[in-house]
Amino acid sequence: MRVIAVSHLRSFWAKNPDAEQSLKSWADEVKKAVWTQPADVKSQYRSASILKNRRVVFNIKGNDYRLVVSVAYRYQAVYVKFVGTHAEYDAIDADPVELEHGSGNPPHSHRCRLQDCTP
């Protein structure tokens, strides 16, 4: 799988250093994965939540952080949609959330519009 917007994960762990190793591990594992359907994600990440619209929520660092992605199975790509604390995740709707710059987000969440999230 290709992870789109790894730079946003880097920006997040720069502000939250305790998340760095967990996010790096997640990205490395996903880059080696071949997912063709949601069951493939669940077989690798049993605690992942499969949502509608190809969205998946991952627990990062023992559930301290949440990562929402959109998976394009056909194109073998994973698009980062949200990364934040568990509390910040509780304040969003994971189905339509998009990354946005400068939107007045909580200080630890990191979001950007997809068209601005080039790897």
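These remarks concern the structure in this document. What you see is a predicted model, and the numbers here were worked out from it, not measured in a lab. (Residues numbered from 1 in each chain as written. Predicted model: local features only at pLDDT ≥ 70, side-chain atom pairs only at ≥ 80, totals over all residues. Heavy atoms only, no water.)

Turning our eyes to something else, we now look at the pairing of strand β3 (residues 55-60). Regular strands have side chains that alternate between both faces of the sheet. Within β3, five of the six residues are buried, leaving the element largely enclosed by the surrounding structure. Strand direction decides the pairing type here: strand β2 (residues 49-50) and β3, joined by two bridges, are antiparallel. What sits directly across from isoleucine 50, in β3, is valine 56. Where β2 folds back on β3, the antiparallel hairpin that results is connected by four residues, among which asparagine 53 adopts a positive phi of roughly 60°. Where β3 and strand β4 (residues 65-72) come together, six bridges link them in antiparallel fashion. Within the sheet, the bridge partner assigned to isoleucine 60 lies in β4 and is tyrosine 65. The antiparallel pairing of β3 with β4 creates a hairpin that spans four residues between the two strands, and lysine 61 there sits at a positive phi of about 55°. (Buried < 20%, exposed > 50% of the residue type's maximum accessible area, 1.4 Å probe, protein only. Helix = DSSP H or I, 4+ residues; strand = E, 2+ residues; numbered from the N terminus. Pairing = 2+ DSSP bridges.)

The next subject is the packing of helix α1 (residues 6-15) against helix α2 (residues 20-32). Look at α1 against α2: their axes get within 9 Å of each other, and the N-to-C directions meet at 165°. Between α1 and α2, the interaxial angle falls into the category roughly antiparallel. Judged by the sense of rotation from one axis to the other, the crossing of α1 with α2 is left-handed. Facing α1, whose interface residues are Val6, Leu9, Phe12 and Trp13, α2 presents Glu20, Leu23, Lys24, Trp26 and Lys31. Here the residues of the contact of α1 with α2 sort into six nonpolar, no polar and three charged. (Axes fitted to C-alpha atoms, helices over the stretch in contact; angles between N-to-C directions. Parallel < 35°, antiparallel > 145°, perpendicular 65-115°, else oblique. Left-handed = near helix turned anticlockwise from the far one by under 90°. Contact = heavy atoms within 4.5 Å. Nonpolar A, V, L, I, M, F, W, Y, C, P; charged D, E, K, R; others polar.)

Counting 29 residues, the largest nonpolar core has Leu23, Trp26, Trp35, Phe58 and Leu67 as the members making the most contacts within it. Tryptophan 35 has contacts with Met1, Val30, Asp40, Val41, Gln44, Tyr45, Phe58, Val71, Tyr73, Gln76 and Val78, leaving out every residue within four places of it along the chain. If you look at the next biggest cluster of nonpolar residues, it comprises seven residues, including Val68, Phe82, Ala94 and Val97. (Core = buried A, V, L, I, M, F, W, Y, C linked by side-chain atoms within 4.5 Å.)

Moving on, we come to the packing of aromatic side chains. According to the stated counting rule, one finds six aromatic pairs in the structure shown. The interplanar angle of 20° and the centroid separation of 6.3 Å between the aromatic rings of tryptophan 35 and phenylalanine 58 together place this pair among those described as stacked. Of this pair, tryptophan 35 sits in the loop between α2 and α3 (38-44) while phenylalanine 58 sits in strand β3; the two residues are 23 residues apart in sequence, bridging distant segments of the chain. Assigned by exposure class, tryptophan 35 and phenylalanine 58 land together as buried. Where tyrosine 45 meets phenylalanine 58, the ring centres are 5.1 Å apart and the plane angle is 80°; that geometry is what we call edge-to-face. Highlighted residues: tyrosine 45 in the loop between α3 and β2 and phenylalanine 58 in strand β3, separated in sequence by 13 residues. As far as the burial class goes, tyrosine 45 and phenylalanine 58 line up, both buried. Aromatic rings pair up to connect Trp26, Trp35, Tyr45 and Phe58 into one cluster. (Phe/Tyr/Trp six-rings, centres within 6.5 Å; stacked < 30°, edge-to-face > 60°.)

Read from one edge of the open sheet, five strands run β1-β5-β4-β3-β2, paired in mixed fashion. A strand with exactly one partner marks an edge of an open sheet, and here the two such strands are β1 (2-4) and β2. α1 rests against β1, β4 and β5 (77-85) of the sheet, and its axis sits at about 15° to β5.

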